[in-house]
Each structure stands twice: as C-alpha cells, then as structure tokens.
Amino acid sequence: MNAVAPIDDHPASQSPAQLAWLRFLKNRLALVSGVALLALVLLVLLGPAVVSHQPNSLTENQFAAPSAQHWFGTDDHGRDLFARVLHGARISLLVGIVGAGVSLIIGVLWGAVAGYLGGRLDNAMMRFVDVLYSLPSIVFVIVLITTLEALFRDWLAALGSPALASASRLLLLFVGLGAVSWLTMARIVRGQVLSLRKKAFIEAEHALGISHARILLRHILPNVTGIVIVYLALTIPSIILYESFLSYLGLGIQPPQASLGSLIAAGAGQINPIRIYWWMIAFPAGFLGLTLLALNFFGDGLRDALDPKSE
C-alpha cells in the first residue's frame, strides 16, 4: 500500500500574502506593538464613553495627585487628566490619520503620474518636489496657520458653517501637515513605477491597446500597494509628532480642546521651583511616547513582512 503523501509546507505553495503574514508573526516586537496599538486605539475610542469625568468639566479640585478617583490626577483647572489625555490622544490620532491620508492621495498620484509618463514631465514634476524638499516643512505649516487661519475661519463662517469655522485650526492642520508629508511618498512611488513600467506584462498591455489610465490603476498601482502601506504606517507617527510640536508652541489645537502636545505644554508650564506637578507632564508625554513607539515598531514590522526578499 502506498503511503499518504505529506502536506506540502514549502513556501512555494503559499501565497505572497500568507508568507508576509508568517514573517510578521515571527517578528515578536512588531506583533506586540500591533496589539499595543490596537489596545491604545480602543482605549481612546471607547474610554471617553465609560469614564465618569468629562474632559472639560471645571472643578475646585485643582492639582490633585493621582488617586482612585482621578487616575492621572487633575490639572490647574481641576479637570480630570485621564479624560483629557484620552480626548487629546483622539485628536492627535485623528490629525495623524487624516494628514497621512492627504499625503497618501497627493504622493501616490504625483509619483505614479511622474514615473509612468517619464520624460520632461517627470523631470519637471520631480524638480518641483526637490524645491519643496529644500523648504523647512514645519516653518511652512506655521506660516500657513498664522496667515490663513483668520481668512479661512471667516470664509467658513460666511458659508453658514459655525461648527467648521470653530474647527478652522484643526482643518488647517489636516491640510498643512498632509501637504508637507507627501514628498517622500511621491519619490517612493515614482521609483517603483519606473521599475514596473518596462516589465513584460505592462508591454503586453500596451500591445493590446489598453488605455494608460487603466494600466496605471489596474496593473501598476496594485503592485506598489505594499510599499505604500508600509510608508503610510511610518508617516502617521511623524505627523502626530509634528502636531504635538505645533500644539506645544501654541500653534496647534486651541483650548478648550486639547491634544497630547498641548497637554504636555500645559504640564511644562506648571513646573516651578516650589513644587512640580509631575503627573501633568508625565502621563501625556508617556502616552505620546508609547503611541509613537508602537506605530514605528509596527511600521518596521510591516516593512520587513512585505519585503519579498526577507528571510
């Protein structure tokens, strides 16, 4: 009697997605970071619904140390710092995700068009990217906010949108941070498209008379999805850090709203020679540090997992 053939566990029998998932599971640091990031996101989204304290509720219990009633203590206005940190982390993550989405749309379209068309148009488009690279990005965002915020707010108010007018600073942060974060994405996508457009299957598509738009959307962009996802995961923490820096300078989220950067700035402002209210800076800074570390390690894990040359 013939023996039953063993199951083929050779990597050749597995799809690229399965191999990428197995490589990611072997990266313990990335896996732990992914779980931690998921826990942080769930805490930020669901925490305010179950926390008894409101983030903007003023009380007379100023500068209360961490306790069972106030896990992170209270600030100079008696507001519960745990609720404030969750509220601020939600805004910081929102700015990071939306800003990364803006950079994704601009960078992928710009880089794909430049790499696919090539020639003089490619040269002109990439020289424009080089010019923007020479400008200090954070200064550009500061100038954008300080010069256009009043005009933008008045324009939104004239349209009959008072809610949007009050959030004009947040909308400018979305646009400004996304507009300065797409340059590297465009370069990465352009390089990938340049290497793909001369492949045999693309030449076959040209021979069949398929339109350029269909080739670009259906056959080239899906092949750069992996590297785009990786860089997108690494763009989110950089945008969060930019927003925190701007909020620390007082140019980001304005009171009574809060972000992690503005909470750190408020905690730093309470440091004095008489007494240090350490919880006001330790907990927002710790939450920001954990979020950035988790995002960076998770992005590094995705990069290694989606690399077909990875062992």
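Because the structure is a prediction, the values reported are computed rather than measured.

Colleague: Can you walk me through the overall build of the protein chain in this structure?
Modeller: Counting its regular elements, the protein chain contains 13 helices and 0 strands. Overall, the protein chain shows an N-to-C arrangement of helices and strands of α-α-α-α-α-α-α-α-α-α-α-α-α. Burial analysis of the protein chain (311 residues in total) assigns 39% to the buried set.

Colleague: What should I look at first to understand unusual backbone geometry in this one?
Modeller: Note: most residues except glycine have negative phi, and most peptide bonds are trans. Non-glycine residue phenylalanine 63 carries a positive phi angle of around 55°. Structurally, phenylalanine 63 is set in the loop between α2 (28-50) and α3 (81-117).

Colleague: Help me understand the packing of aromatic side chains, please; the structure alone is not making it clear to me.
Modeller: The description of an aromatic ring pair uses the distance of the two centres, along with the angle that the planes make with each other. Under the counting rule described, the total for this entry stands at 11 aromatic pairs. Measuring from ring centre to ring centre gives 5.6 Å for tryptophan 110 and phenylalanine 128, while their planes differ by 35°; the resulting arrangement is tilted. Residue tryptophan 110 is located in helix α3, and its partner phenylalanine 128 is located in helix α4 (residues 119-133); the two are separated by 18 residues in the primary sequence. Look at tryptophan 110 and you get partly exposed, because its relative accessible area is 25%. Among the aromatic residues, those joined into a ring-pair cluster are Phe63, Trp71, Phe72, Phe82, Tyr277, Trp278, Trp279 and Phe283.

Colleague: In this structure, what is going on with the nonpolar core? I would like to understand it.
Modeller: For soluble globular proteins, nonpolar side chains are generally found buried alongside one another. Grouped together as the largest cluster of nonpolar side chains are 41 residues, with contacts concentrated most on Val85, Val95, Leu177, Ile240, Leu246 and Phe287. At the level of elements, α2, α3, α5 (137-158), α7 (168-179), α11 (225-248), α12 (260-269) and α13 (279-305) are the ones that each hand at least two residues to this core. Formed by 15 residues, the second largest nonpolar core is a distinct cluster that contains Ala112, Val189, Val193 and Ile202.

Colleague: Help me out: how do you make sense of the environment of leucine 104 in this one?
Modeller: Its location among the elements puts leucine 104 in helix α3. Residues leucine 104 and serine 195, spaced 91 residues apart in sequence, show a C-alpha to C-alpha distance of 20 Å. With residues up to four places along the chain from it excluded, the contact list for leucine 104 reads Met185, Val228 and Leu232.

Colleague: Teacher, can you tell me more about the pattern of salt bridges here?
Modeller: Applying the stated criterion to the full structure yields 6 salt bridges. The partner of aspartate 122 in a salt bridge is arginine 190, with the nearest N and O atoms 2.7 Å apart. Taken together, the positions of aspartate 122 in helix α4 and arginine 190 in helix α8 (residues 183-196) put the pair 68 residues apart, joining distant regions of the chain. Overall, the relative accessible area of 7% leaves aspartate 122 in the buried class. Among the residues examined, arginine 190 registers a relative accessible area of 24% and is labelled partly exposed. Between arginine 187 and aspartate 130 there is a salt bridge; the shortest N-O distance is 2.4 Å. Placement of the pair is arginine 187 in helix α8 and aspartate 130 in helix α4, with a sequence separation of 57 residues. Judged by its relative accessible area of 39%, arginine 187 falls in the partly exposed class. Classification of aspartate 130 by relative accessible area gives partly exposed; the value is 26%. Several salt bridges converge on common partners, so that one network encompasses Arg127, Asp130 and Arg187.

Colleague: It is not clear to me how the environment of isoleucine 236 should be interpreted in this structure. Could you clarify?
Modeller: Looking at where isoleucine 236 falls in the secondary structure, it is placed in helix α11. Residue isoleucine 236 is classed as buried on the basis of its relative accessible area of 15%. Considering only alpha carbons, one finds isoleucine 236 and phenylalanine 24, 212 residues apart in sequence, at a separation of 20 Å. In contact with isoleucine 236, other than residues within four places in its own chain, are Gly96, Ile97, Ala100 and Leu295.

Definitions and cut-offs
- Residues numbered from 1 in each chain as written.
- Predicted model: local features only at pLDDT ≥ 70, side-chain atom pairs only at ≥ 80, totals over all residues.
- Heavy atoms only, no water.
- Helix = DSSP H or I, 4+ residues; strand = E, 2+ residues; numbered from the N terminus.
- Buried < 20%, exposed > 50% of the residue type's maximum accessible area, 1.4 Å probe, protein only.
- Phe/Tyr/Trp six-rings, centres within 6.5 Å; stacked < 30°, edge-to-face > 60°.
- Core = buried A, V, L, I, M, F, W, Y, C linked by side-chain atoms within 4.5 Å.
- Contact = heavy atoms within 4.5 Å.
- Salt bridge = Lys/Arg side-chain N within 4 Å of Asp/Glu carboxyl O.

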